[in-house]
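Listed below, chain by chain, are the residues.
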Amino acid sequence: MGFETDAVHLGEEPNLGAGGTGDVVAAIHLSSTFARRNVGTPTAGYEYSRTGNPTRDALEMKLAAIEGAKFGIAFSSGLAAETSMVLALLRSGDRIVAFDDLYGGTKRLLDRVFSANFGINVDYVDATNPERVLKAIGKGARMVFLETPTNPLLRLCDIGKIAMGARDMGVLVVVDNTFASPYFQRPLELGADIVIHSTTKYINGHSDSVGGAMMLSDRGIYDKLKFVQNAAGAVLSPFDSFLVMRGIKTLAVRMKEHERNAMAVAKLLESHKSVTAVHYPGLESHPQHTLAKRQMNGYGGTLSFDINGGRGAAIRFLEALRTFSIAESLGGVESLAEHPASMTHASVPKAVREQIGITDSLVRLSVGIETKDDLLADVEGALAAAGRR
Ligand SMILES: *Cc1c(COP(=O)(O)O)cnc(C)c1O
């Protein structure tokens, strides 16, 4: 079936059999434990909700379907998914090759937890150049960890090219697909082994649940991940599983609107005299626009830009916004704006920030699905306010 059909129906087929109620929406099974008739086996297939829960199972079927995967696993956050993955698939002494422009929380986890305390070596490379990644893998690695597009600079890497080379060397390819969402990008079809999401962002889409997910098709890897998820306990709650399932049903509709509005905002910014650079893969001026066109079915709803006048102008712009809220996170129906240097990326040392391109004049926008003209007017008004002192 098509993406939209799977997103609406999978995991939620009405049960019209004996004992079924015909609900068209999966029930929220809050029970932490499940009764059985005999000691030896769980009668209805469930024993304890950390190990398995019917609402989470329903969500996991949907998660798998939308990434074109055999298996989906729902975690209590994006970072919980990443933690479980490292615990399940790596051991002390292993080496990860990672994009140097990864999400800040992922870097903090890899550097200050796994590298600092557990002997995992992480080698950061500029993955916009696939040759550089393959060269780093060639020095020995167990896993390559990619993110595309990245946060907040919307840089891309060529998943297909990197995956092909990595596979030849027996290296696992993991892609954080949070920014594009499976509606706009399907890394498994391009050769990746595992896709990771912060469902907190576009997949849930309503800024009311923190969650994570992994999708993959290899049975052996899936069994290891499931074992660690149960052993370490990073499961998504039944209520959050319901919320994420509900979010997925409208993912396609939302992503189209996010993109339409983001493209309009990007074009407005690009033509404005107070803006020195716009980072959005949908613009022809994006240095990797050709790769974006080939690798993605759309460009998403998040963008960033540099404003003329440095930090002061960026702050004035943000505080003059009315429809956009100043807040971290992204991917919800409401428009959000933030200052990476003081908010999401404040923990990155200034020298490193400047080296990557996260300047004090950089503003990130998560463009929501409100009326396009309202968003354009808000941005235009805030740009004018930022120019006044
Ligand atoms: C938010 C985010 C994460 C972390 O997910 P949480 O749900 O906040 O734990 C990981 N990767 C990317 C790209 C993100 O935007």
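Keep in mind that this is a model prediction, so the values were computed, not measured.

## Regarding the site of the ligand
- Taken together, the neighbourhood of the ligand is formed by 13 residues, with Gly 78, Asp 176, Ser 198, Thr 200 and Lys 201 sitting nearest.
- Within the side chain of Lys 201, a nitrogen or oxygen atom sits 2.7 Å from an oxygen atom of the ligand.
- Relative to its unbound accessible area of 380 Å², the ligand is 93% covered by the protein chains.
- For the shell around the ligand, the leading source of residues is helix H3 (residues 78–89), giving 3 residues.

## Details of the nonpolar core
- Counting residues in each nonpolar core, the largest one holds 63 residues, and the members touching the most others are Leu 269, Leu 303, Phe 305, Phe 317 and Leu 365.
- Counting residues per element, this core draws most heavily on helix H10 (residues 251–270), at 10 residues.
- The two domains that each donate at least three residues to this core are domain 1 (3–248) and domain 2 (252–386).
- Counting 48 residues, the second-largest nonpolar core is a separate cluster that includes Ala 88, Val 97, Ile 196 and Ala 234.

## Overview of the packing of aromatic side chains
- With the rule as written, the count across this model stands at 8 aromatic pairs.
- Relative to Tyr 222, the ring of Phe 71 lies with its centre 4.1 Å away and its plane at 10°, an arrangement referred to as stacked. Residue Phe 71 is found in strand S1 (residues 71–75), and its partner Tyr 222 is found in helix H8 (residues 219–232); the two are separated by 151 residues along the sequence.
- You can call Phe 71 buried: its relative accessible area is 12%.
- Seen from their ring centres, Phe 305 and Phe 317 are 5.3 Å apart, and the 85° between their planes marks the pair as edge-to-face.

## Thoughts on the sheet that holds strand S4 (residues 143–147)
- Read across the sheet, 7 strands follow the order S1-S7-S6-S5-S4-S2-S3 without closing on themselves; strand pairing throughout is mixed. Each edge of the open sheet is held by one strand with a lone partner, namely S1 and strand S3 (121–125). When strand polarity is set aside, the average angle formed by the axes of neighbouring strands in this sheet is 20°.
- Here 5 bridges tie strand S2 (residues 95–99) to S3, and the two strands are oriented parallel to one another.

## Side note on the domain arrangement of the protein
- Entries for the protein in the domain assignment read domain 1 (3–248) and domain 2 (252–386).
- Here the C-alpha centroids of domain 1 and domain 2 sit 27 Å apart.
- Between domain 1 and domain 2, the residue contacts involve 35 residues of the former and 37 residues of the latter.
- Counting the surface domain 1 buries against domain 2, the share from its top three residues, Leu 156, Phe 184 and Tyr 202, is 27%.
- Applying the counting criterion to the domain 1 and domain 2 interface returns 1 salt bridge.
- The salt bridge partner of Arg 294 is Asp 158, with a shortest N-O separation of 3.7 Å.
- At the junction of domain 1 with domain 2, the criterion picks out 16 residue pairs in polar contact (both at pLDDT 80 or more).
- In terms of residues, the side of domain 1 that touches domain 2 owes the most to one element, helix H7 (residues 181–184), which gives 3 residues.

What counts, and at which threshold
Residues numbered from 1 in each chain as written. Predicted model: local features only at pLDDT ≥ 70, side-chain atom pairs only at ≥ 80, totals over all residues. Heavy atoms only, no water. Near = heavy atom within 4 Å. Polar contact = N/O pair within 3.5 Å; in protein donor to acceptor, adjacent residues only side chain to side chain. Areas by Shrake-Rupley, 256 points an atom, 1.4 Å probe, with all protein chains shown as cover. Helix = DSSP H or I, 4+ residues; strand = E, 2+ residues; numbered from the N terminus. Core = buried A, V, L, I, M, F, W, Y, C linked by side-chain atoms within 4.5 Å. Buried < 20%, exposed > 50% of the residue type's maximum accessible area, 1.4 Å probe, protein only. Domains from an automatic or database assignment. Phe/Tyr/Trp six-rings, centres within 6.5 Å; stacked < 30°, edge-to-face > 60°. Pairing = 2+ DSSP bridges. Axes fitted to C-alpha atoms, helices over the stretch in contact; angles between N-to-C directions. Contact = heavy atoms within 4.5 Å. Buried area = accessible area lost by both parts, 1.4 Å probe. Salt bridge = Lys/Arg side-chain N within 4 Å of Asp/Glu carboxyl O.

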